[in-house]
Amino acid sequence: MFFREAISKNSKSPVLQLVENIRTEKGPRQRLIVSLGTYLKIPKEKRREVARIVKERLFGQQSLFEYDSQLIAYADKIIKKIQTEGKWDSVREQVCKFKKAIKDKSTAEIFIDDVQHGYDRELGPILIGHCFWERLNFSTILSDCGFNKTQIKTAQISLLNRLIAQDSEHSIISWLQTVAIEEIVGLDVSLCGDDRFYRISDKLLKNRDYIEEKLYQREKDLFSLEDSIFLYDLTNTYFEGVCAKNPKAQYNGNQKEKRTDCPQVVVALVLDGDGFIRRHRIFNGKMTDVKSLDKILIALEDDFKDKPMPTIIFDRGMVSDDNLKLLNKYDNLKYILMCRPNEDQFLHQDFHNQQFSLLEGRDRKPKVEIFLKEVDDAVYLLCKSEGRKAKETAMRNKAEERLEAELTNLSNQIQKGRENNPVNIERRIGKFKERHSKVAKYYEIKYQHREFSYTVPDDIGIAKRFSNSLKKLKDTQLLLGI
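Residues numbered from 1 in each chain as written. Predicted model: local features only at pLDDT ≥ 70, side-chain atom pairs only at ≥ 80, totals over all residues. Heavy atoms only, no water.

## So, the overall build of the protein
Scanning the protein from terminus to terminus reveals 17 helices and 14 strands. Here the protein, with 482 residues, has 35% of them falling under the buried criterion. Residue pairs at least 24 apart in sequence account for 57% of intrachain contacts in the protein once pairs closer than 6 positions are excluded. Summed over all atoms, the accessible surface of the protein reaches about 31,300 Å², with 50% contributed by carbon and sulfur. (Helix = DSSP H or I, 4+ residues; strand = E, 2+ residues; numbered from the N terminus. Buried < 20%, exposed > 50% of the residue type's maximum accessible area, 1.4 Å probe, protein only. Contact = heavy atoms within 4.5 Å. Areas by Shrake-Rupley, 256 points an atom, 1.4 Å probe, with all protein chains shown as cover.)

Here is the structure:
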């Protein structure tokens, strides 16, 4: 829509008109919406904005920006004139197009294209979160910790926000304007400030252990969880601020999201076999997988004083001589961990010669074959998986292609005399082995003066097919339940 001036025979001054562009069978045309005469004096530099406001009003759109009050006054006068004598289709004109009105007074006609709303809020995620809040008896747990009713409602809002929007405490205020939290929780959000949520976060942290324990016990009742298998692993998260007063936030080159420019903390998680969090701890940013184990085992031992401890599964990052000694100190502890690199050398023949048995219960999943081998006080579980084989083969093939491309390039340079310096050649071979260490160990790379070759010996061909396929278990009885 836009304004234009038209010449009238009955007036010396130009007549101001509001028109719109439309498409017809004969091409684009201009259609008159309303003639404003000569009485409405709108400055030329403001006509475009006034036309935009009028268009938004007619189509029921909400503006993202605030307009000047004078522009709104112009738009109000134009809208009023359009409704009384303009050529814009009004509701009254639409009604006239229909047949006689339905006599049933309980029936009403609604023009869907003209339905408007002015204030909408999201309900679905809030309703689901509130339902589980009630099922977990969260209010009772917080009440036992000394929370009053207002603090409980504030804690619920903070928790729902972290689950739904992942905002900071400062951003919760703006988030509250987009969700139907007042109707669900029953707290007047207009009285909330961000300091309220900072204080409630501190109070939740002080009662972390009690809340964590009570929640898990409630989850065990709801979902029939068992304390048979626990999984332990570490991850990290970073802060974009300086965190000058956070003693645990430290810079570390081992950052999983590659943000080594930010301070981080390490989060240790203990999960049960169904994926529910049993316990968690926050460590300093330089904590390694190996050093964190002692503190977690002490906490678990306190939880299982009068009953057997569950079987704990670790990844390869937890394996070290000190940790193995630590694990063996607990007589009632069973554990499963990945073999360390090069520890599986004595099992090569078993992979090639032993009879593996098919793991049952995996009809719709990739086939897995297993073999158990007892050595001294440990039991090794050897696995052959079609899915794992395909993944490892694809990864190794790419690595081999890159390595062989560089070796071939070096070989061509030596044959053509472009590279004759033995020191440079040996240095380049060393870099190849370092850059492609996972596959370079399977190659025999030989160099003598003007003679260069690389091969894969037949006797290590088997080893290339089953790396990362061994698990070490402490208890033979445990294997019977796998």
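There's plenty left to go through after this.
## Quick notes on the pattern of salt bridges
Under the criterion given, the structure shown has 15 salt bridges. With a shortest N-O distance of 3.3 Å, Asp195 and Arg199 are connected by a salt bridge. Placement of the pair is Asp195 and Arg199 together in helix 9 (residues 194-206), with a separation of four residues, close to one helical turn. By relative accessible area, Asp195 is classed as partly exposed at 41%. Salt-bridge contacts for Arg428 lead to Glu419; the nearest nitrogen and oxygen are separated by 3.5 Å. Its relative accessible area of 14% is what places Glu419 among the buried residues. Taken together, the shared-partner salt bridges connect Arg208, Asp209 and Arg281 into one network. (Salt bridge = Lys/Arg side-chain N within 4 Å of Asp/Glu carboxyl O.)

## Points about the sheet that holds strand 3 (residues 27-37)
Sheet architecture is open: three strands sit in the order 1-2-3, paired in antiparallel fashion. Each edge of the sheet is formed by a strand with only one pairing partner; in this case those strands are strand 1 (2-6) and strand 3. Neighbour-to-neighbour, the strand axes of this sheet turn through a mean angle of 40°, independent of strand direction. Pairing geometry for strand 2 (residues 15-24) and strand 3, over nine bridges, is antiparallel. Among the inter-strand pairings, Ile22 is bridged to a residue of strand 3, identified as Arg29. (Pairing = 2+ DSSP bridges. Axes fitted to C-alpha atoms, helices over the stretch in contact; angles between N-to-C directions.)

## Describing a nonpolar patch on the surface
Judged by side-chain polarity, Ile128, Phe132 and Phe223 come together as a nonpolar surface patch covering roughly 290 Å² of accessible area. By the secondary structure assignment, Phe132 is in helix 4 (residues 124-135). The exposure class assigned to Phe132 is partly exposed, which follows from its relative accessible area of 40%. (Patch = residues over 30% accessible without salt bridge, like charges linked within 9 Å, V, L, I, M, F, W, Y side chains within 5 Å.)

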